[in-house]
Structure formats: C-alpha cells, structure tokens
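Notes for the structure review
Listed below are the residues making up each chain.
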Amino acid sequence: NVAKPEYGLDGSSTPNPLGLILRDGKLYVGCGEFDQMPICKSGAHILIIDEATDTPEKIIHDMRLSAASIFDCGMFIDEKGDLYVTCWGSYGYVPDQKFGLLRIKKGATEFDPEYCFNMSDMNVEGVQGGKLQYSISNFYAGNGELYVLAYCPAFASASPDYINEKTNYCLKADLYNCTMKALNLPRTNGYSCAINKYGDDILFGLATEQNGTGIFTYNRKTDQCSSAPIVKMQGTLMDILVFE
C-alpha cells in the first residue's frame, strides 16, 4: 500500500504512481504527485520498492526537473546499468517546471547529482525558435542514442489544437553529452508520438501536414530520413510494437 502521507506531498495521501521499471531487485516507480492532472507538483519523485518483500523502502526527490516517468518510455536502463528517468514537466503548463532526463546510477538509489539533461533550457538545432516545451515520448536505441518527439510552442495557437496543429519535432539526442538536434522529418501532431526500432531504422509514427500519415524512418547508418511514410495509415499513431 503506497497510499500513505509519507509518500505524498503537501498533505496528499497518494503519490499517484505512473511508469515503473525493475532493476537489481528494486522496483522504481515514477510518481505524478498531482495537484490536478496533468499538473504535477514541482520536482521529480521516485518511490523505490523492494521486489522480494513487496515493501516500499523510500521516496527520492530531485527539484531540477519535474514530473517523473510516464507511459512505457518513462524509464530505461542503458548498457552500463544506469537508470534514466524521463521527466515531462507537466506538459509545459507550469513555466518554471523543466523537462528532460535524470539518472540513477547502477548500484545507487538516489538521483545522480552530476547528471541532468535539461531539454527545456536548450537552444535546439533545427527547431523553430530553438525552444521545446515538453516531451513525453522517447526511445533509447543504445550506445547513447536517444530518439525523442517533443512539442514546439512556436507552432501552437493561443488555444492549442493537439490534433490539427503540427507542433512536434522528431529529434536525435546524445544521452551522455546532453545534446540534441532535429531530424529531417516532417512535424507531427501532439498525439502521434510513437517511436521504435527495426534493424537500422528508427520508426516514427507521424501525422503530418503535407507528407501523409503513417510510419516514417530514420536510418542510423546512412543518416537518411524517409520523405513519405513507408506504411500509410490514418488517424493518430500513439504506439508501435516490433516483433522480431
């Protein structure tokens, strides 16, 4: 039972569990700590549960980024055994909340004070106005390569239309050097946020303005992007599963 005041914040009795991942006998649970969905209290908060006894051990906090872990890409583990936590910053609704990634190193159960991939404050190459507001979707392809779909406020109206406005860029990030650039793929809407990998291709599910809707590709070896979907679809593409 995690519905206890010691795991909630500011008098709340629940930490609002979101994404989770198991590493070395510990279950790491991202906590929304909502004021009102999707507005989270500031900071990233992770509840750690002992797998063998199913007992919560502690909750850890980091105020550099906000809103820890969401959906199936909320946390991932790299080849070194380090755990990365996606922080989505309350979808950008709270101006002082930042988005990006934090790290919990292998063998540790605290946030790494030496690592913070702050995507909010970057000027990103290839992005209109240079700034991104939030991301909820990423995919770790290995060797430090992280692929991201992120929302750019430069293409949003005063009353955002997340279906019809093409606000989201496809990006390639270097997880270890904390750099990022836009890929030469068309922008998509706020709901088409699917990313996966098949062979050397990174697959993006995009609903674009002029290039159609479906699965687009970025080839990791040739650095080339498809100009049209390799598989055409309709609607919005929220997930891609690959069976090999």
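Residues numbered from 1 in each chain as written. Predicted model: local features only at pLDDT ≥ 70, side-chain atom pairs only at ≥ 80, totals over all residues. Heavy atoms only, no water.

1. Some details on empty space enclosed by the protein
One way to see where empty space is left: roll a probe the size of a water molecule over the atoms. Keep this limit in mind: Here a cavity is any set of points on a 1 Å grid over the protein atoms alone where a 1.4 Å probe fits but cannot get out, and a pocket is any open set with protein on both sides within 12 Å along at least 5 of 7 lines; a residue lines the site when it has an atom within 4 Å of a point. Grid points are joined across faces, edges and corners, and a volume is the space filled by probe spheres set on the points. In DSSP terms, a helix is any run of H or I states spanning at least four residues, a strand is any run of E spanning at least two, and both are numbered starting from the N terminus. Amino acids outside the nonpolar list (Ala, Val, Leu, Ile, Met, Phe, Trp, Tyr, Cys, Pro) and the charged list (Asp, Glu, Lys, Arg) are all regarded as polar, and Gly is one of them.
Under the criterion given, the structure shown has 2 cavities of 30 Å³ or more. In this model, the largest cavity occupies a volume close to 40 Å³. Looking at the largest cavity, the residues that line it are Thr-86, Cys-87, Phe-99, Gly-100, Leu-101, Met-119, Ser-135, Asn-138 and Val-148. Counting residues per element, the ones that place at least two in the lining of the largest cavity are strand E8 (83-87), strand E9 (100-104) and strand E11 (134-142). Residues belonging to the lining of the largest cavity are distributed by class as follows: 5 nonpolar, 4 polar and no charged. Around the second largest cavity, the lining residues are Tyr-134, Ser-135, Ile-136, Ser-137, Leu-149, Ala-150, Tyr-151, Asn-168, Gly-190 and Cys-193. At the level of secondary structure, the elements contributing two or more residues to the lining of the second largest cavity comprise E11 and strand E12 (145-151). If you tally residues by element for the lining of the second largest cavity, the top one is E11, at 4 residues. Partitioned by chemical class, the residues of the lining of the second largest cavity number 6 nonpolar, 4 polar and no charged.

2. A look at the pattern of salt bridges
Side chains that differ in charge, positive against negative, can pair when their charged atoms come close. Operational definition: The working definition used for a salt bridge is a side-chain nitrogen of Lys or Arg within 4 Å of a carboxyl oxygen of Asp or Glu. Only protein chains enter the area calculation, which uses a 1.4 Å probe; residues under 20% of their type maximum are buried, those over 50% are exposed, and those in between are partly exposed.
On inspection of all chains with the given rule, the structure shows 10 salt bridges. Across the pair Arg-220 and Glu-145 runs a salt bridge whose closest N-O atoms are separated by 3.0 Å. Of this pair, Arg-220 sits in the loop between strand E17 (213-219) and strand E18 (231-232) while Glu-145 sits in strand E12; the two residues are 75 residues apart in sequence, bridging distant segments of the chain. The partly exposed category is assigned to Arg-220, whose relative accessible area is 22%. One salt-bridge network, held together by shared partners, links Lys-26, Asp-50 and Glu-57.

3. Let's talk about the sheet that holds strand E10 (residues 117-118)
To keep it simple, the criterion reads: Any two strands with at least two DSSP-identified bridges between them are counted as paired.
A sheet is described by the order of its strands in space; here 4 strands give the open sequence E7-E8-E9-E10, paired in antiparallel fashion. The sheet is open, and its two edges are formed by strand E7 (75-77) and E10, each paired on a single side.

4. A closer look at the side chain of Thr-86
What counts here: Between N or O atoms, a polar contact is any pair within 3.5 Å; within protein, one atom must be a potential hydrogen donor and the other a potential acceptor, and residues adjacent in sequence are included only when both atoms are from side chains.
Tracing the sequence through the fold places Thr-86 in strand E8. A distance of 2.9 Å separates the side chain of Thr-86 from the side chain of Asn-138, its partner in a polar contact.

5. Observations concerning unusual backbone geometry
A cis amide bond links Met-37 to the next residue, Pro-38, at an omega of 10°. Looking at the element boundaries, Pro-38 is found in the loop between strand E3 (34-36) and strand E4 (39-40). Phi is positive for Ala-67, close to 70°, though the residue is something other than glycine. In this fold, Ala-67 is placed in the loop between strand E6 (55-62) and E7. Even without a glycine there, the phi angle at Tyr-91 is positive, about 60°. In this structure, Tyr-91 sits in the loop between E8 and E9.

6. Points about a nonpolar patch on the surface
Short version of the rule: The patches reported here contain residues having more than 30% relative accessible area and no salt bridge. Joining distances are 9 Å for like charges and 5 Å for nonpolar side chains (Val, Leu, Ile, Met, Phe, Trp, Tyr). Surface exposure here means Shrake-Rupley accessible area, sampled with a 1.4 Å probe, where a residue is shielded only by the protein chains that are shown.
A contiguous nonpolar patch, built from Ile-163, Tyr-191 and Met-238 and spanning about 300 Å² of accessible area, is present on the exposed surface. Note that Met-238 resides in the segment after E18. Take Met-238: its relative accessible area is 52%, and that puts it in the exposed class.

7. Brief notes about the nonpolar core
Note that soluble globular proteins tend to have their nonpolar side chains buried in a common cluster. Quick note on the threshold: What is meant by a nonpolar core is a set of buried Ala, Val, Leu, Ile, Met, Phe, Trp, Tyr and Cys residues, joined one to another through side-chain atoms within 4.5 Å. In what follows, residue pairs with any heavy atoms lying within 4.5 Å of each other are defined as contacts.
Grouped together as the largest cluster of nonpolar side chains are 22 residues, with contacts concentrated most on Met-119, Leu-132, Leu-146, Leu-171 and Met-180. If you list the elements that add at least two residues to this core, you get E12, strand E13 (168-174) and strand E14 (179-182). Apart from the residues lying within four places of it in its own chain, the contact partners of Met-180 are Phe-117, Met-119, Met-122, Val-124, Glu-125, Leu-132, Val-148, Leu-171, Lys-172 and Ala-173. Formed by 15 residues, the second largest nonpolar core is a distinct cluster that contains Ile-21, Ala-44, Leu-65 and Phe-111.

8. Looking at the side chain of Arg-103
As for its placement among the helices and strands, Arg-103 is situated in strand E9. Among the residues examined, Arg-103 registers a relative accessible area of 13% and is labelled buried. At 3.1 Å, the side chain of Arg-103 forms a polar contact with the side chain of Tyr-84. Non-local contacts of Arg-103, meaning those with residues more than four positions away in its chain, are made with Asp-82, Leu-83, Tyr-84, Glu-110, Phe-111, Asp-112 and Tyr-115.

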